[in-house]
Amino acid sequence: MGALAKVADAVIRGDPAQVAAFTREVIRDGVPPKEILDGGLIAGMTVIGDRFRVHEIFLPDVLLAAKAMYAGMDELRPLLVRDGIPSIGKVVIGTIQGDLHDIGKNLVGIMLKGAGFEVIDLGHDVAPERMVQTAVEQGASVIGMSALLTTTMPVMGEVVRLLRERGLAGEILTIVGGAPVSDAFAREIGADAYGFDAGNAVDVVKDLVGRR
Amino acid sequence: MSTVLEFQASDLVPDRDAVLERLGIPAGAGLSERTEPLYAAAAGILAESAAPAGALADITIAEFRAVYDGEGRNAPRSPVADICVHAEHLALFAVTLGERTSQAVSRCFAEQDFALAYVLDAMASVAADFVADLAERRFAAMLRERGWKTPDGAVLRYSPGYCGWDVTGQRRLFAYLKPERIGLVLTDSCLMKPLKSVSGSIIAGPRSIHRFPPTYDFCERCEERTCRSRLRALAAAGS
């Protein structure tokens, strides 16, 4: 097994200690950071994602793998920053104002990071203005919003309205999700996309980023 | 009658199949060898962190209609509106696991124990429902003590946010029940804090009043479909 394959394999097995150790090893061997990221860490998560999509494994296994991947990222991040290697996209996520549920949002964030995105997680109870302002300041291309209450769903529309008002629609794209949210609701408020679960949200965000 | 219900953390026995279902694991499948230990770990954290408590208050049909109508946002037709008029006894209830379990979930996420956080969160949600079941049983026991003897009687709970009862109905429910006495508060957006809490009405009457066909306007869009399993359980209990 090649050095990068060992990294990927440890991610797949959900072994943070081994991922960290193998990542350090390939860094010492002089493998470029971008290659380690793509050929080791993301490659491992891609296998996990594929297995998850066909229901061979379930979310707890994906999350174990994600934790392992993070251990590798901790080793790699300083080198990626040093070399100015950009992520595949920057996404601001948060649970919308008035809502404190953040499990679904957390899962989306974890899986986006696993797919190679840079994620700015604003937490829960996030005001529309803060969502938009952060996306602008951070140069994010996507805002991901989650709501678990019918009473807070309309606040998502406020984010879309703010983006339009500031001429940012089309530049910063929006994806919405959460138990009471639907594709029809996303269209109704003018959001760019709807993600029905965390795995689907990653595919949709990839698609959104690819569109720009 | 308005009372505080006391429970022990040891009373919490979340149904494993229900937890797995919440985790997105289909019936027949299970946790993998690697993730199985998370279940016991989560159960340990739940037992240590949960402080289950409840509030329960009798309510008349007329009073309940005022609570149920809430802010006028319910579906025009709904099962609870149809059922409550046939109720022999009604109560409002709220139960909570307390804040520490939600804090434990957040802590696990912060420490990058994502899988454990996810399992614990699912288990806590099921446990909160289980405490609501216990409240339902306590109300049924109280009614029997008071002499309620309806042949083929059944006691079932219904919550705002489901089956056409708009979640804004929580405001009047909270105003009547005052569950602040068990540490449960309602936010401006009608969210209960602590998060792992359940509230609603408990309706007692002949079993037949609880049966309804899924033909209300909102049934078509409903993805929960828990009414079907509840009605099946109701039928099985009565058979």
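This is a predicted model, so every value here is computed, not measured. (Residues numbered from 1 in each chain as written. Chains lettered and ligands numbered in written order. Predicted model: local features only at pLDDT ≥ 70, side-chain atom pairs only at ≥ 80, totals over all residues.)

**Thoughts on the overall build of chain B**
Phase 1: A count of helices and strands for chain B gives 8 helices and 7 strands.
Phase 2: In terms of overall size, chain B behaves like a compact globule, its C-alpha atoms giving a radius of gyration of 18 Å where 239 residues would be expected to give roughly 18 Å.
Phase 3: Taking the principal axes of its C-alpha atoms as reference, chain B extends roughly 50 × 40 × 35 Å.
Phase 4: Put simply, of all contacts in chain B between residues at least 6 apart along the chain, 84% involve residues at least 24 apart. (Helix = DSSP H or I, 4+ residues; strand = E, 2+ residues; numbered from the N terminus. Rg over C-alpha atoms; globule rule 2.2 N^0.38 Å. Contact = placed C-beta atoms within 7 Å.)

**Some thoughts on the nonpolar core**
Phase 1: With 149 residues, the main nonpolar core has Val11(A), Val119(B), Leu120(B) and Ala127(B) as its most contacted residues.
Phase 2: The element that contributes the greatest number of residues to this core is helix H6 (residues 114–145) of chain B, accounting for 19 residues. (Core = buried A, V, L, I, M, F, W, Y, C linked by C-beta atoms within 7 Å. Buried ≥ 20, exposed ≤ 12 C-beta atoms within 10 Å, placed from the backbone.)

**What to know about the sheet that holds strand S3 (residues 142–146) of chain A**
All names here are of chain A.
Phase 1: With parallel pairing, the 5 strands of this open sheet are ordered in space as S2-S1-S3-S4-S5. Each having just a single partner strand, strand S2 (118–121) and strand S5 (193–194) make up the two edges of the open sheet.
Phase 2: In this sheet, S5 lies alongside strand S4 (residues 173–177) in parallel orientation, the contact comprising 2 bridges. Note on S5: the bridge partner recorded for Val176 is Tyr194.
Phase 3: Those strands touched by helix H5 (residues 103–114) are strand S1 (90–95), S2, S3 and S4, and its axis lies near 165° from that of S1.
Phase 4: Sitting on the sheet, helix H7 (residues 153–165) is in contact with S3 and S4, with an inclination near 175° to S4. (Pairing = 2+ DSSP bridges. Axes fitted to C-alpha atoms, helices over the stretch in contact; angles between N-to-C directions.)

**Focus on the domain arrangement of chain A**
Where interface size is quoted, it is often the accessible area lost as the parts come together.
Residues and elements named next belong to chain A.
Phase 1: Per the domain assignment, the segments making up chain A are domain 1 (3–82) and domain 2 (90–211).
Phase 2: Domain 1 and domain 2 are separated by 26 Å when their C-alpha centres are compared.
Phase 3: Tallying the contact residues gives 8 residues for domain 1 and 5 residues for domain 2.
Phase 4: Secondary-structure elements contributing two or more residues to the side of domain 1 that touches domain 2 are helix H3 (33–53) and helix H4 (59–82).
Phase 5: Looking at the side of domain 1 that touches domain 2, the element that brings in the most residues is H3, giving 5 residues.
Phase 6: Class assignment of the residues belonging to the side of domain 1 that touches domain 2 gives a composition of 6 nonpolar, 1 polar and 1 charged. (Domains from an automatic or database assignment. Nonpolar A, V, L, I, M, F, W, Y, C, P; charged D, E, K, R; others polar.)

**Examining the environment of Arg221(B)**
Phase 1: Mapping Arg221(B) onto the fold places it in the loop between strand S7 (197–206) and helix H8 (226–238).
Phase 2: In this structure the C-alpha to C-alpha distance between Arg221(B) and Arg22(B), which are 199 residues apart in sequence, comes to 20 Å.

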